[in-house]
Amino acid sequence: IFMKIKKLSISILLLLIIIIGLVTNDEFKSYLVENIENIKALYINEPLMFTTFFIVAYLIMTTLSLPVALLMGLLAGSVFDFYLAVTIVSFTSTIGATVAMSLSRYIVRDYMTSKYKKYFEIINSNFKDNGGYYLFALRMSPLFPFFIINICFGLTKMKLLTFYLVSQIGMLPGTIIIILLGNELSNILVSGNV
């Protein structure tokens, strides 16, 4: 458990260093401010179109397990009202994760079983011992990549509805934090109080 805490601490520290470096770089900062303002203007002018496009894009990205969930969450926090952002990101990410889990189970099962055998054995063993509680613990921890969780749980005997509900609840705290960070980052960049 010490190694997990150490890895998490190092990851958080590196993320903070990158954010501070990016925010303090004047050229990059002005680029971000300009684009955040442009995106907000697009949302204000065409809220339904923008929201629909955002949801579809986010759903595709999470289903394909593309590593952009953090960026999309930060963008949602920057553009949308807090409650709307949490609702959109929470439901869309959970639906995407469930679709990815279903694809792993029903379409590419043999390939995923061989490619992620080591992870599957760990997850399946712990799932047999702890059931849905194990998925909940994984969803609350940022140490295990979500795409691995989605794929490997598709190879277990967990019911689809259970996977969806546990994921929805387990990912909610992280979603809220990301939305708040996106909102705060947007406020800092636009106000210039870096």
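Positions within a chain are numbered from 1, following the residues in the order the chain's sequence is written. At least 70 in pLDDT is required for a residue's local features to be given in this predicted model, at least 80 for side-chain atom pairs to be given and counted, and no such filter applies to totals for whole chains, interfaces and linings, which use all residues. Heavy atoms from the whole structure form the basis of all side-chain values; hydrogens and water molecules are not counted.

J.: I would appreciate a short explanation of the environment of Asn126 in the present structure.
T.: Helix and strand assignments follow DSSP, with helices taken as H or I runs no shorter than four residues and strands as E runs no shorter than two, numbered in order from the N terminus. Here Asn126 is to be found in helix H7 (residues 117-130). Burial here depends on accessible area, computed with a 1.4 Å probe over protein chains only, as a share of the maximum for the residue type. Under 20% is buried, over 50% is exposed, and the range in between is partly exposed. Asn126 gets classed as partly exposed once you look at its relative accessible area, which sits at 26%. Contacts are residue-level and defined by heavy atoms, with any inter-residue pair within 4.5 Å sufficient. Every residue in contact with Asn126, bar those within four places of it in the chain, is listed here: Gly131 and Tyr134.

J.: Explain the nonpolar core here, please?
T.: Inside soluble globular proteins, nonpolar side chains tend to come together where they are buried. If you look at the biggest cluster of nonpolar residues, it comprises 20 residues, and the most contacted ones within it are Ile123, Leu135, Leu138, Phe153 and Phe163. Per-element tally for this core: the top contributor is helix H9 (residues 146-154), with five residues. Setting aside residues no more than four positions away along its own chain, Phe153 makes contact with Met101, Arg105, Ile123, Phe127, Tyr134, Leu135, Leu138, Met158 and Phe163. Formed by 14 residues, the second largest nonpolar core is a distinct cluster that contains Tyr43, Phe50, Phe80 and Ile88. Within this scheme, the nonpolar core is defined by two criteria: the residues are buried Ala, Val, Leu, Ile, Met, Phe, Trp, Tyr or Cys, and they are joined through side-chain atoms within 4.5 Å.

J.: How should I be thinking about the side chain of Ser104 in this particular structure?
T.: Here Ser104 is to be found in helix H5 (residues 82-106). Apart from residues no more than four positions distant in its own chain, Ser104 is found in contact with Arg109, Met112, Ile151, Gly154 and Leu155.

J.: Just checking my understanding: could you explain the side chain of Ser90 for this structure?
T.: Its location among the elements puts Ser90 in helix H5. Overall, Ser90 belongs to the buried group, its relative accessible area being 4%.

J.: Would you mind going over the packing of helix H8 (residues 132-140) against H9 with me for this structure?
T.: Helix-helix packing is characterised by the crossing angle of the two axes and by the distance between the axes. Angles here are taken between N-to-C directions and fall from 0 to 180 degrees, while the axes themselves are lines fitted to C-alpha atoms, restricted in helices to the stretch in contact. Two elements in contact, H8 and H9, have axes whose closest approach is 10 Å; the angle formed by their N-to-C orientations is 160°. Comparing their axes, H9 and H8 come out roughly antiparallel. Note on packing geometry: the crossing formed by H8 with H9 is left-handed. Note on element contacts: H9 touches H8 through Phe146, Ile149, Asn150 and Phe153, opposite Tyr134, Leu135, Leu138 and Arg139. Any residue that is not Ala, Val, Leu, Ile, Met, Phe, Trp, Tyr, Cys, Pro, Asp, Glu, Lys or Arg is counted as polar, Gly included; the first ten are nonpolar and the last four charged. A breakdown of the residues in the contact of H8 with H9 according to their chemical character gives six nonpolar, one polar and one charged. Working rule for angles: under 35 degrees goes down as roughly parallel, over 145 as roughly antiparallel, 65 to 115 as roughly perpendicular, anything else as oblique. A crossing counts as left-handed when the near helix is turned anticlockwise from the far one by less than a right angle, and as right-handed when that turn is clockwise.

J.: Whenever I open this one, the environment of Glu121 confuses me. Can you help?
T.: Note on placement: Glu121 falls in helix H7. Put simply, Glu121 and Cys152 are 31 residues apart on the chain and 8.7 Å apart in space, counted from C-alpha to C-alpha.

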